[in-house]
Amino acid sequence: MKRIERFMSSLPGPVHLTAGLVLVGLVGVLDFVTGSELSFALFYLLPVFLVTWYVGRWSGVAVSLLSASVWLLADLLDVRSFYYHSYSLIPYWNALMRLGFFLVTAWVLSELRRSLARRRALERIFFHDILNVTGSLRGFAELLQDEEVADKEAIYSLIRSAVEQSIEELESHTVLT
């Protein structure tokens, strides 16, 4: 799974955008061919997800608009759907509801992506800080082994300070998670 994510992330944004647009077109054609009796909602979400996750929020919004429009077009071109709806405005109302669903999905996905990126950055900072403190602890411990060091009390004080700093770092990390 990580290999797929690495590969997908390595592709430039225009590739994802193009793939999303092609997917919307393919789903729209399949939706039209099969008629309004079968729902393709999940398939319309695939390009919204793909573009929002790998390109960004506003591209996801654009694909959401396109997906809802293509779905509406497939409904309007389906002759059987004219007899299915009791009012002529129902397909438009349904399209607005689908658009709302797609837009909420794009927004939630973009926020999730942003949150994950922020968490990774905070974790990198955290691990960097902890490694710095533990590295200094190792250095202080090596100094204590040295017979020539006269002021071992000062080294004990430094070790205690580094341990306190490590504890503070660990406690601050638990607040972030």
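Our subject is the structure listed above.
Residues numbered from 1 in each chain as written. Predicted model: local features only at pLDDT ≥ 70, side-chain atom pairs only at ≥ 80, totals over all residues. Heavy atoms only, no water.

Draft legend 1. Layout of a nonpolar patch on the surface. A surface patch of nonpolar side chains, about 480 Å² in accessible area, is lined by Val29, Phe32, Val33, Leu73 and Leu77. Those elements giving two or more residues to the nonpolar patch turn out to be helix 2 (13–34) and helix 4 (57–77). Looking at the nonpolar patch element by element, the count peaks at three residues for helix 2. Positionally, Leu77 belongs in helix 4. (Patch = residues over 30% accessible without salt bridge, like charges linked within 9 Å, V, L, I, M, F, W, Y side chains within 5 Å. Areas by Shrake-Rupley, 256 points an atom, 1.4 Å probe, with all protein chains shown as cover. Salt bridge = Lys/Arg side-chain N within 4 Å of Asp/Glu carboxyl O. Helix = DSSP H or I, 4+ residues; strand = E, 2+ residues; numbered from the N terminus.)

Draft legend 2. Local environment of helix 4. Relative to the 30 Å expected for 21 residues at 1.5 Å per residue, helix 4 spans 30 Å between its end C-alpha atoms, a close match to the ideal helical length. Buried within helix 4 are the following residues: Gly60, Val61, Val63, Ser64, Ser67, Ala68, Val70, Trp71, Leu72, Ala74 and Asp75. (Expected span 1.5 Å × (residues − 1). Buried < 20%, exposed > 50% of the residue type's maximum accessible area, 1.4 Å probe, protein only.)

Draft legend 3. Structural view of the packing of helix 2 against helix 3 (residues 41–54). Two elements in contact, helix 2 and helix 3, have axes separated by 8 Å at closest approach and are oriented at 175°. Here helix 3 runs roughly antiparallel to helix 2, going by the angle between their axes. Taking contact as the criterion, the partners of His16, Leu17, Ala19, Gly20, Leu23, Val24, Val27, Gly28 and Asp31 in helix 2 are, on helix 3, Phe43, Tyr44, Leu46, Pro47, Leu50, Val51 and Tyr54. Partitioned by chemical class, the residues of the contact of helix 2 with helix 3 number 12 nonpolar, three polar and one charged. (Axes fitted to C-alpha atoms, helices over the stretch in contact; angles between N-to-C directions. Parallel < 35°, antiparallel > 145°, perpendicular 65-115°, else oblique. Contact = heavy atoms within 4.5 Å. Nonpolar A, V, L, I, M, F, W, Y, C, P; charged D, E, K, R; others polar.)

Draft legend 4. Expanded view of the packing of helix 3 against helix 4. Where helix 3 meets helix 4, the axes come as close as 8 Å, and the angle between the chain directions of the two elements is 160°. Between helix 3 and helix 4, the interaxial angle falls into the category roughly antiparallel. The way helix 3 lies across helix 4 gives a crossing that is right-handed. Residues Ala41, Tyr44, Pro47, Val48, Val51 and Thr52 of helix 3 pack against Arg57, Ser59, Gly60, Val63, Ser64, Ser67, Val70, Trp71 and Ala74 of helix 4. (Left-handed = near helix turned anticlockwise from the far one by under 90°.)

Draft legend 5. Fine view of the pattern of salt bridges. All chains considered together, the criterion is met by five salt bridges. Arg113 is the partner of Glu5 in a salt bridge, and the nearest nitrogen-oxygen pair spans 3.6 Å. With Glu5 in helix 1 (residues 2–10) and Arg113 in helix 6 (residues 90–145), this residue pair connects regions lying 108 residues apart in the sequence. Classification of Glu5 by relative accessible area gives partly exposed; the value is 29%. The salt bridge involving Glu111 is made with Arg57; its shortest N-O contact spans 2.2 Å. With Glu111 in helix 6 and Arg57 in helix 4, this pair connects stretches of sequence that are 54 residues apart. It is possible to trace a salt-bridge network through shared partners that takes in Arg57, Glu111 and Arg114.

It is worth stressing that arrangement in space is one thing and function is another; only the former is reported here.
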